[in-house]
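# What the coordinates show
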Amino acid sequence: MLPGVRIAIVGTGAMGSVYAGLLGDAGNEVWAIDAWQDHVDAINANGLRVEGASGDRVARIRATSDPAEVGVCDLVVVSTKAMHVDAASQAARPLVGPDTVVLPIQNGLGSAEVVARNMGEEQTALGVVGGFGASIVAPGHVHHNGWELLGLGERGHPATDRIRRVAQVWEDAGFRVKVYDDVDLLVWTKLVCNVCFSGTCAILDRTISEVMGDPDAWAVASACATEAYRAGRAAGIPFAFDDPVEHVRDFGSKIPNARPSMLLDLRAGRRCEVDVINGAIPRVSKQHGLEAPTNEVVVHLVKAREAIALGG
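## Some points on the pairing of strand E11 (residues 149-153)
- By the criterion of burial, E11 is predominantly enclosed, with four of the five residues buried.
- In terms of strand pairing, strand E8 (residues 126-130) meets E11 through five bridges, oriented antiparallel. Along E11, the bridge assignment pairs Gly127 with Leu152.
- Taken together, E11, helix H5 (residues 161-172) and strand E12 (residues 177-180) constitute a β-α-β crossover, and its handedness is right-handed.

As C-alpha cells, then:
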C-alpha cells in the first residue's frame, strides 16, 4: 500500500473528519461517508476544512451518504460512535474487497469485534487515537486541539507488513504513528485516559483542565482512572506505566482546553458512549473479582444527564 490509495472514512464526525481531511490533503483518494447530509453537501461543495494543531487547510475530497456509491477501497476507516458501529459496518460491506484493510477506531471496548464480524476477520486490524480533542465547527469544518498519536496493530497477533504499510499512509499525511505488537495494550492505555476524563467532564460540563484544576472533580476523575488501571492489570494488560494518575495527568496536560466527545454529544442532544468507556470498567472488574464503584456512579450520572439532553 502506497500513498495515493483509495480510502473510505465511514463516519465523519469530528475525528473522522480530521482523518478524511488530512489523508485527502496528502494526495489520497478519500471518500467521506456520513449520514449527516448537510456535512456531506458542504464537503462536496466547498471541500473539508481542517484547522487546529495541524494547521489550516481545505481538503478537496468526495462525500456521500451511500457506501455503495464508492466501491471497493484499499483502506476503510470505521470512525462512527460505538453505538453506530454495527449498523455502519454492515452498510459498509460494499467497500471491502479481498485485499482491503479495515481499521476500526473507536473509544472504549468491543467495537473491533463487531466490525470484524460484519466486514471480515482477516481484513480487520485496529486503531486507537489519543490527544486530538476534535470538534465539528460547522458542516464541512472541523477543529482539533492536539495531534498526538495514532496507534495501529493487528488483532490477536503481532504487527505485520500490511499494518506497517497502513502506518506509512498515515505518516505521509503528517500523523504521528506507532505500530504495536500487543493491540490490547494499545486499547487499554487509551481507555484509562478516556475513563478518567470522559464521564467527569460530561457530568460537570467542563474542559479537561477545569476538571484537573478542581480538587473534588479530580478526585472522581483520578479514581475512575485508577479503577480502570486495576481492571486492566487483572485482565493481564502489561501497562508501560505504574502510576495511572500521573499517566492521565500527563495526557490531559497536552490537551487542556479539550472537551471530550462524551460532553460534546450531551451538549448536542446525542446519545453518548458511556457504556463502552466508564461502563466497561465495572464489567471487566467483576470478571476478576474487583469492584469499580466510582465508575458505576459516573455511568448513572452521565445517563441521567443524557436523558435530560434527549428530552426525557
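There is more to say, and it comes next.
## Some points on a negative patch on the surface
- Where like charges cluster on the molecular surface, the negative patch consists of Glu113, Asp181, Asp182 and Asp184.
- Within the element layout of this structure, Glu113 appears in helix H4 (residues 111-119).
- Accessibility expressed as a relative area gives 46% for Glu113, which makes it partly exposed.

## As for the nonpolar core
- Among the nonpolar cores identified, the biggest contains 42 residues, and Trp188, Phe197, Trp218, Phe239, Val248 and Ile281 are the most heavily contacted of them.
- Taken together, the elements giving at least two residues each to this core come down to helix H6 (183-204), helix H7 (208-213), helix H8 (215-234), helix H9 (244-254), helix H10 (261-267), helix H11 (280-287) and helix H12 (293-309).
- At 10 residues, the largest contribution of residues to this core is made by H6.
- Once residues within four sequence positions are removed from consideration, Val248 is found in contact with Val192, Cys193, Cys196, Phe197, Trp218 and Ala225.
- Within the second largest apolar cluster, 39 residues are counted, among which are Ala14, Ala125, Ala167 and Ala173.

## A few points about the sheet that holds strand E1 (residues 6-10)
- Spatially, E5-E2-E1-E6-E7 is the arrangement adopted by the five strands of the open sheet, whose pairing is parallel. Each end of this open sheet is capped by a strand with a single partner; those strands are strand E5 (62-64) and strand E7 (101-104). Within this sheet the neighbouring strands show an average axis-to-axis angle of 20°, counted without direction.
- In this sheet, E5 lies alongside strand E2 (residues 29-33) in parallel orientation, the contact comprising three bridges. Among the inter-strand pairings, Ala32 is bridged to a residue of E5, identified as Ala63.
- Those strands touched by helix H2 (residues 37-46) are E2 and E5, and its axis lies near 155° from that of E5.
- Contacts from H5 reach E1, strand E6 (75-78) and E7, with the element oriented near 65° to E7.

## Considerations on the sheet that holds E12
- Read across the open sheet, the three strands follow the order E8-E11-E12; overall the sheet is mixed. Of all strands in the sheet, those with a lone pairing partner are E8 and E12, marking the two edges. Averaged over all pairs of adjacent strands, the angle between strand axes in this sheet comes to 20°, irrespective of strand direction.
- Packed onto the sheet, H5 meets E11 and E12 and runs at close to 165° relative to E11.

## Some words on the pattern of salt bridges
- Across all of its chains, the model carries 16 salt bridges by this definition.
- Note that Glu154 and Arg162 form a salt bridge whose closest N and O atoms lie 2.8 Å from each other.
- Among the salt bridges present, the one from Asp205 reaches Arg267, with a minimum N-O distance of 2.9 Å. Of this pair, Asp205 sits in the loop between H6 and H7 while Arg267 sits in helix H10, and the two are 62 residues apart along the sequence.
- Through salt bridges with shared partners, a single ionic network connects Arg6, Glu29 and Arg62.

## Re H9
- Listing the buried residues of H9 in full gives Pro244, His247, Val248, Phe251 and Gly252. For H9, the buried positions fall inside an angular range of 125° around the axis, keeping them on one side.
- Between the side-chain oxygen at the start of H9 and the backbone nitrogen of Val245 there is a gap of 3.1 Å, and the oxygen is on Asp243.

## Here's the deal with the environment of Asp242
- Mapped onto the secondary structure, Asp242 falls in the loop between H8 and H9.
- For the pair Asp242 and Trp188, spaced 54 residues apart in sequence, the C-alpha separation works out to 14 Å.

## Regarding the side chain of Asn194
- Here Asn194 lies in helix H6.
- Beyond its immediate stretch of four places on either side in the chain, Asn194 contacts Asn107, Gly108, Gly199 and Ile277.

## Some points on the layout of surface pockets
- There is about 520 Å³ of room inside the second largest pocket.
- Lining the second largest pocket we find 21 residues, and of these Leu149, Tyr180, Thr189, His247 and Phe251 sit closest to its centre.
- When contributions to the lining of the second largest pocket are tallied by element, the ones reaching two or more residues are E8, E11, E12, H6 and H9.
- At five residues, the largest contribution of residues to the lining of the second largest pocket is made by H6.
- Its residues assigned to classes, the lining of the second largest pocket shows 10 nonpolar, five polar and six charged.

About the thresholds
Residues numbered from 1 in each chain as written. Predicted model: local features only at pLDDT ≥ 70, side-chain atom pairs only at ≥ 80, totals over all residues. Heavy atoms only, no water. Buried < 20%, exposed > 50% of the residue type's maximum accessible area, 1.4 Å probe, protein only. Helix = DSSP H or I, 4+ residues; strand = E, 2+ residues; numbered from the N terminus. Pairing = 2+ DSSP bridges. Right-handed = clockwise from strand over helix to strand, strands pointing away. Patch = residues over 30% accessible without salt bridge, like charges linked within 9 Å, V, L, I, M, F, W, Y side chains within 5 Å. Areas by Shrake-Rupley, 256 points an atom, 1.4 Å probe, with all protein chains shown as cover. Salt bridge = Lys/Arg side-chain N within 4 Å of Asp/Glu carboxyl O. Lys, Arg positive; Asp, Glu negative; His and termini not counted. Charge placed at Lys NZ, Arg CZ, Asp CG, Glu CD. Core = buried A, V, L, I, M, F, W, Y, C linked by side-chain atoms within 4.5 Å. Contact = heavy atoms within 4.5 Å. Axes fitted to C-alpha atoms, helices over the stretch in contact; angles between N-to-C directions. Arc of directions from axis to C-beta. Polar contact = N/O pair within 3.5 Å; in protein donor to acceptor, adjacent residues only side chain to side chain. 1 Å grid on protein atoms, 1.4 Å probe; cavity = no way out; pocket = protein on both sides within 12 Å on 5 of 7 lines; lining within 4 Å. Points joined across faces, edges and corners; volume = space filled by probe spheres on them. Nonpolar A, V, L, I, M, F, W, Y, C, P; charged D, E, K, R; others polar.

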